[in-house]
Amino acid sequence: MPPLVAEVAGEFAARARWRLLEIAFWFLAATSVIALPGRHLILTAIAILGLFALSLDLILGYGGIISLGHAAFFGVGSYVAALLAKHEIINEPVIALFVAGLAATVLGFVTSFLVLRGSDLTRLMVTLGVALVLREIANKFDWLTGGADGLQGVVLAPVLGRFAFDITGHVAYVYCLCVLVVLFVIARRIVNSPFGLSLRAVKGNALRASAIGIAVNRRLIAVYTVAAGYAGIAGALLAQTTQFSSLEVLAFERSADVLLILIIGGTGYLYGGLIGAILFKLMQDWLANLTPQYWQFWIGLVLVVIVLVGRDRMAAYVAAAGASIDRIFSSAAGGFLRARP
């Protein structure tokens, strides 16, 4: 292998390694199952929102496709999971989750050809239009979807035949967290693969990427389809944990909220959606109790601060803090090993 190729391969391999902050993040997530038993309901909502934001980050942060209608896939996954359980077609949550994700994936593949046409403004309108059309279809066929009243009577079997959903949300949170971890690991592998690196090239300059032989449209279709499946699984989790689905899962506000979450957490590094979901949901919960009428004002103020401070500057602060922590722990570990006889 030529030296330059070996050097580049080593650099990419180092970038793909799990860092200390990542391990700490997931360790804290795991310990929250035991440490925060009274907060499992809100933690379940955070896990679902985080997965939904992660799906949008795949197309926005890595593919450069901005969407105002990502709720279309979220809603399809929600309705499919709810209908499968209500009509006792598939009561087992894990299998139903897979089927709901597959349905959203198919929808994402079909609509991806529309999204690729035109500029960013055209994509905004197309994605928004798809979500609005699906919402009106769900409202029209109220005999199937429940219309404005929602789809009620959703009864699920225990997860894997052993763990029944309880009113306190313990099983629901562990279930959602496990799904989130598995899908995050898959997404992390995707973005650190040659496919993910080519997506970064497409986002940076699609014309130049095409000139060096990268099939731009195929990669955008692929990542859009995968992101749609992720969003559908997030919607299915919401339907399964609440045992209810309504037109709200297809609403414009759902797409706007997930875009807001990514603005808060940042795009292009996967954890932005998770961190943004945590901050957004905790702020929403706290501010709604503090000032029920004006909580949206305070969240808007946070967005203004983010814009004024600058996303790049905040990311630099976080990166510097992470590097400092890595150095401290590496030094401590080295001193411990040298002190051993």
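Above this text sits the structure in question.
Here goes a summary of the coordinates provided. (Residues numbered from 1 in each chain as written. Predicted model: local features only at pLDDT ≥ 70, side-chain atom pairs only at ≥ 80, totals over all residues. Heavy atoms only, no water.)

Digging into the overall build of the protein
Regarding its fold elements, the protein presents 15 helices and zero strands. Residues classed as buried in the protein amount to 43% of the 341 residues present. Contacts in the protein between residues at least 24 apart in sequence constitute 77% of all its contacts with a sequence separation of at least 6. With the model as given, the accessible surface of the protein reaches about 17900 Å², and the carbon-plus-sulfur share is 69%. (Helix = DSSP H or I, 4+ residues; strand = E, 2+ residues; numbered from the N terminus. Buried < 20%, exposed > 50% of the residue type's maximum accessible area, 1.4 Å probe, protein only. Contact = heavy atoms within 4.5 Å. Areas by Shrake-Rupley, 256 points an atom, 1.4 Å probe, with all protein chains shown as cover.)

A few points about the nonpolar core
If you look at the biggest cluster of nonpolar residues, it comprises 88 residues, and the most contacted ones within it are Leu 51, Leu 58, Val 179, Leu 237 and Leu 270. The leading source of residues in this core is helix α11 (residues 216-242), at 15 residues. Not counting residues within four places of it along the chain, the set of residues in contact with Leu 51 comprises Val 179, Leu 180, Leu 183, Tyr 230, Ile 233, Ala 234, Leu 237 and Leu 274. (Core = buried A, V, L, I, M, F, W, Y, C linked by side-chain atoms within 4.5 Å.)

Things to note about the packing of aromatic side chains
Inspection of every chain in the model, using the stated rule, returns 11 aromatic pairs. Relative to Tyr 224, the ring of Phe 73 has its centre 5.6 Å away and its plane inclined at 85 degrees; by these criteria the two rings are edge-to-face. Of this pair, Phe 73 sits in helix α4 (residues 71-86) while Tyr 224 is found in helix α11, placing the two residues 151 residues apart along the sequence. Across the pair, exposure class does not vary: Phe 73 and Tyr 224 are buried alike. Ring geometry for Phe 109 versus Phe 113: centroids 5.2 Å apart, planes at 85 degrees, classification edge-to-face. (Phe/Tyr/Trp six-rings, centres within 6.5 Å; stacked < 30°, edge-to-face > 60°.)

Observations regarding the state of the cysteines
For the structure shown, the criterion picks out zero disulfides. The thiol of Cys 176 is unpaired, and the distance to the nearest cysteine sulfur, on Cys 178, comes to 9.4 Å. (Disulfide = S-S within 2.5 Å.)

Some remarks on the environment of Val 99
Looking at the secondary structure, you find Val 99 in helix α5 (residues 93-115). Spatially, the C-alpha atoms of Val 99 and Ala 81 are 7.7 Å apart, while their sequence positions differ by 18 residues. Ignoring sequence-local partners within four residues, the contact set of Val 99 consists of Val 80, Leu 84 and Ile 90.

Brief notes about a nonpolar patch on the surface
Taken together, the side chains of Tyr 294, Phe 297, Trp 298, Leu 301, Val 304, Val 305 and Leu 308 present a nonpolar region at the surface, about 720 Å² in accessible area. Structurally, the position occupied by Phe 297 is in helix α14 (residues 295-309). (Patch = residues over 30% accessible without salt bridge, like charges linked within 9 Å, V, L, I, M, F, W, Y side chains within 5 Å. Salt bridge = Lys/Arg side-chain N within 4 Å of Asp/Glu carboxyl O.)

Quick look at the pattern of salt bridges
A complete count under the given rule lists four salt bridges for this structure. A salt bridge links Arg 188 to Glu 22, with the nearest nitrogen and oxygen atoms 3.0 Å apart. With Arg 188 in helix α8 (residues 170-191) and Glu 22 in helix α2 (residues 20-35), this residue pair connects regions lying 166 residues apart in the sequence. Judged by relative accessible area, which is 9%, Arg 188 ranks as buried.

What about the environment of Val 33?
As for its position among the elements, Val 33 is in helix α2. In sequence terms Val 33 and Leu 177 are 144 residues apart; their C-alpha atoms lie 9.2 Å from each other. Non-local contacts of Val 33, meaning those with residues more than four positions away in its chain, are made with His 40, Tyr 173, Val 174 and Leu 177.

Digging into the packing of α5 against α11
Each pair of packed helices gets described by two things: the angle between the helix axes and the distance between those axes. Interaxial distance between α5 and α11 falls to 7 Å at its minimum, and their mutual angle equals 140 degrees. In terms of orientation, α5 and α11 fall into the oblique class. For α5 against α11, the interelement crossing comes out right-handed. Taken together, the residues of the contact of α5 with α11 break down into 14 nonpolar, nine polar and no charged. (Axes fitted to C-alpha atoms, helices over the stretch in contact; angles between N-to-C directions. Parallel < 35°, antiparallel > 145°, perpendicular 65-115°, else oblique. Left-handed = near helix turned anticlockwise from the far one by under 90°. Nonpolar A, V, L, I, M, F, W, Y, C, P; charged D, E, K, R; others polar.)

Brief notes about the packing of helix α9 (residues 194-204) against α11
Contact geometry of α9 with α11 gives a least axis separation of 10 Å together with a crossing angle of 115 degrees. The pairing of α9 with α11 is recorded here as roughly perpendicular in orientation. Regarding α9 and α11, the two cross each other, and that crossing is left-handed. Together, Phe 195, Ser 198, Leu 199 and Val 202 of α9 and Val 216, Arg 219, Leu 220, Ala 222 and Val 223 of α11 make up the contact between the two elements.

Looking at helix α6 (residues 120-140)
In a regular helix each residue adds 1.5 Å, so 21 residues correspond to 30 Å; α6 covers 30 Å between its end C-alpha atoms and thus fits that length. When we look at burial in α6, the residues that qualify are Arg 123, Leu 124, Thr 127, Leu 128, Val 130, Ala 131 and Ala 138. All buried residues of α6 project into a common sector of 150 degrees when viewed along the axis, lining one side. In α6, the exposed residues that point more than 90 degrees away from the buried face are Leu 121 and Lys 140. Residues of α6 that are buried sit in contact with α4, α5, α7 (142-145), α11 and α12 (252-265). (Expected span 1.5 Å × (residues − 1). Arc of directions from axis to C-beta.)

So, to be careful, I would describe these as geometric facts and stop short of saying anything about function.
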